[in-house]
Every structure is written in structure tokens, then in C-alpha cells.
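If you want the building blocks of each chain, they are given just below.
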Amino acid sequence: MPDRKPASERTPKKELTYIEKVWHTVAIVALLVVAILIARVAFNVLLMILAGALISVYFHGLGDMIERKTKWNRKICMSISVVGSFLILFTLLYVMGTTIQGQIAILSESLPQTINNLKVRLGEGPIGSKILEYFGNDNTDKLFSTAQSFFSTSFGVLGNIYIIMFLGIFFTTSPSLYKDGIIKLFPEQNKPMARKVIDRTSQALKGWLKGMMLSMVLIFIMISAGLSIIGIPVALVLALLTGLLKLVPNFGSLAAMIPGVLLALTKDLNTAIIVALLYIVSQTIVSNIVTPLIQKKMINIPPALTIISQVLMGVLSGVLGIILAVPLLSIIIILVDEIYVKKINREEDDEVGRRTVDSD
């Protein structure tokens, strides 16, 4: 083996000039910007894939229930699940469409007048005047511009709804094809872990979806019945809005309560308080009693993490990101648990075992 040359005899590295360093820096920054832009586009695509997977989970969950009840062939049960779901949806839209459309027209006409009346009442008191003064300045423009930029990213959801539905149908027709394809990407020693992650993710998404759908239905029934008894107009639309906003944990309940309370203020303050209590009680019953009983297989996520994930996803991907924040966070927690936490725990247990053997 030849001897290495002394450090003094080695060819010195050529130092970059100032211009070359500038161009290298510019190239690195440009590559980072391109990578971030590609990652953002790819992230929205991943959210669409996740939404399609949730639709597939719904179809398979309903198909599993039909198969358990009837003992029919799997393909027949899945056909009933897919076709029956679309038929029920179209039937509800046909039966309730006219009523909902009329109530939406009434709400769009009455709500601006309700807000103006509320401004007049607030202006009668010193605290209300301060509130109106605050929102009457440039803060109002900032608020509306923020809301506009926040919801502008959600318009793409309507344009991509067909892609999400088709993805859900494709995932439903041949789930093993995609599952096996993902597992094949891993080396042989990691295939069991990949299979376990996919199974845990499927169970978690199924639990979240089951609890969310039942919560939406119960909220719709409770709010529509309560507002109808109180005598609030457009109760059906308000209940439907509340049920849909149940998809957005924490913030959705608060947003759904605002139009109902505003319409109740057109009658009197006591009615508004009763309506607010109706929303609070119904949301409390569903969130703290019904949903935990259903979502037993769902990952227990700390509330602070849920809010943080919603804010981040809302900034990145709009409404679709907020809706999918909880299932996406569940997937991340499962991945961290299987890939990192359990590995660390096994290494610690092995270290403790070795120390025990050595001490003996």
C-alpha cells in the first residue's frame, strides 16, 4: 500500500471566488424555493388522496356492516354500499332540495338586516360603541381580506370533488392492489411494520369517520328540532350548516352558532340565550358522550395538537386541510409510534435486559 503524501505536498483545494460563492448561494436558494413549491403542490395532491381514502373507508365500512347482517357475497354488499349511498344522497337532495333552497333565500335576505339591527343595538351602549368603532376602522378590511385569503384556497375543493370521488371509487373497487403496492416499496424486513401501519391507519380512519358521520346526523336532528320548537326561521338550513361544520372540530361549532344566535336576536335577548344554550348543550352531548363511545379505535389526540394542526392545515390548504387535519394527525402519530417510539422502547428494554444479565 503506497504511503500517503504529507499534508504539505497535497494539492491545495481551489477556493471559490466571491462571484462563484454568490452564484452557488443563488442556486441553492432557487432549488429550495422550487422544492418548497413542489412540496406544496404535492401536499394538496396527498390531501386529495387522503380524502379519496376516507370515502373508500366509508364504503368498505358500510359494506362490512351489510355483510355481517346479511351474510351475502362481498361483491354484492360492496355494490349495495356504493350504489345505495348515492341513491340515498340524491333522494335527500331531491326531497329536501326545494325546502333548503327556499330557506337559504330567506336566510340571505334576513341575515344582513339582522346584522344591521345588531349594530344599532350595540351602538346604544358604551361597550358596543367601542366594538363598532374597532370593526369600523381598517380592522374590518383586514378581517375580510384575511377571511378571503383563507377561504380562497378552498375553492379548489369544489373543482377537485370529482377527482376525490373517483379516487374513492377506485380505492373501493381494488383496495388490495394499492395496499400491496405500498408494501412492496419497503424492504423485506420492514414489510410487517408497513402492513401493521396500514392496518392501524385503516382502523383509526374508520373510527374517526364513523364517529364523525353519526355526530353530524345527531347534531342535525337536535338543532333542527330545537330551533323549530323555539320558533327560529330557516331551522333546517341552520341545522344542516351545523352538521356540516361538525367536520371542523372546535372552530366549526362556534361558527355554526353565530347565524342562529343572530336570527334569535331579532326576537329578543332571552330567545338568543336559549338558542346559544341549545347549541352548547347539543355540541357538549355529542362531543363528550356520543363521539367517544364510537371512536374507541381512534387515536387519543391532545386538544392542543388538534388546534395546532387545524391552524397549520388551514393556512396550507384551506377548508380541505382543516377537515382532514385530525385524520392526517392520526396518521402521523401512528407513523411516529411504529417507526420511532416502539423502536426506542425496544432498544431501552434490550439495554435493561443486558444490564440485568451482566449484573447477575
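In this report, we go over the structure that sits alongside the text.

Thresholds applied
- Residues numbered from 1 in each chain as written.
- Predicted model: local features only at pLDDT ≥ 70, side-chain atom pairs only at ≥ 80, totals over all residues.
- Heavy atoms only, no water.
- Helix = DSSP H or I, 4+ residues; strand = E, 2+ residues; numbered from the N terminus.
- Contact = heavy atoms within 4.5 Å.
- Buried < 20%, exposed > 50% of the residue type's maximum accessible area, 1.4 Å probe, protein only.
- Patch = residues over 30% accessible without salt bridge, like charges linked within 9 Å, V, L, I, M, F, W, Y side chains within 5 Å.
- Areas by Shrake-Rupley, 256 points an atom, 1.4 Å probe, with all protein chains shown as cover.
- Salt bridge = Lys/Arg side-chain N within 4 Å of Asp/Glu carboxyl O.
- Phe/Tyr/Trp six-rings, centres within 6.5 Å; stacked < 30°, edge-to-face > 60°.
- Axes fitted to C-alpha atoms, helices over the stretch in contact; angles between N-to-C directions.
- Parallel < 35°, antiparallel > 145°, perpendicular 65-115°, else oblique.
- Left-handed = near helix turned anticlockwise from the far one by under 90°.

Below, the discussion takes up the side chain of E338. Of note, E338 is situated in helix α13 (residues 325–359). What E338 contacts, discounting residues up to four positions off in sequence, is M193, K196, V197 and R200.

With that out of the way, let us pick up unusual backbone geometry. We note that K71 has phi near 60°; this positive angle belongs to a residue other than glycine. You can call K71 exposed: its relative accessible area is 70%.

Residues L269, I273, L277, I280, V281, I285 and I289 make up a contiguous nonpolar surface patch of about 620 Å² in total accessible area. With respect to the helices and strands, I285 occurs in helix α11 (residues 269–294).

This brings us to the packing of aromatic side chains. Under the counting rule described, the total for this entry stands at five aromatic pairs. For the ring pair F59 and F86, a centre distance of 6.2 Å and an interplane angle of 40° mean the geometry is tilted. Pair noted here: F59 is in helix α1 (residues 18–70) and F86 is in helix α2 (residues 74–123), with a separation of 27 residues, a long-range link. Classification of F59 as buried rests on a relative accessible area of 3%.

Throughout the structure, instances matching the rule amount to seven salt bridges. E67 serves as the salt-bridge partner of R74, at 3.0 Å between the closest nitrogen and oxygen. Using a relative accessible area of 27% as the deciding quantity, one classes R74 as partly exposed. The class for E67 is partly exposed, based on a relative accessible area of 26%. Beyond isolated ion pairs, a larger network of salt bridges with shared partners links D64, E67, R74 and K206.

What follows concerns the packing of helix α9 (residues 235–245) against helix α10 (residues 251–265). In contact at an axis separation of 8 Å, α9 and α10 are set at 165° when each is read in the N-to-C sense. Classed by the angle they form, the pair α9 and α10 counts as roughly antiparallel. The crossing of α9 and α10 is right-handed. Judged by residue contacts, L238, L241, T242 and L245 of α9 engage G252, S253, A255, A256, P259, G260 and L263 from α10.

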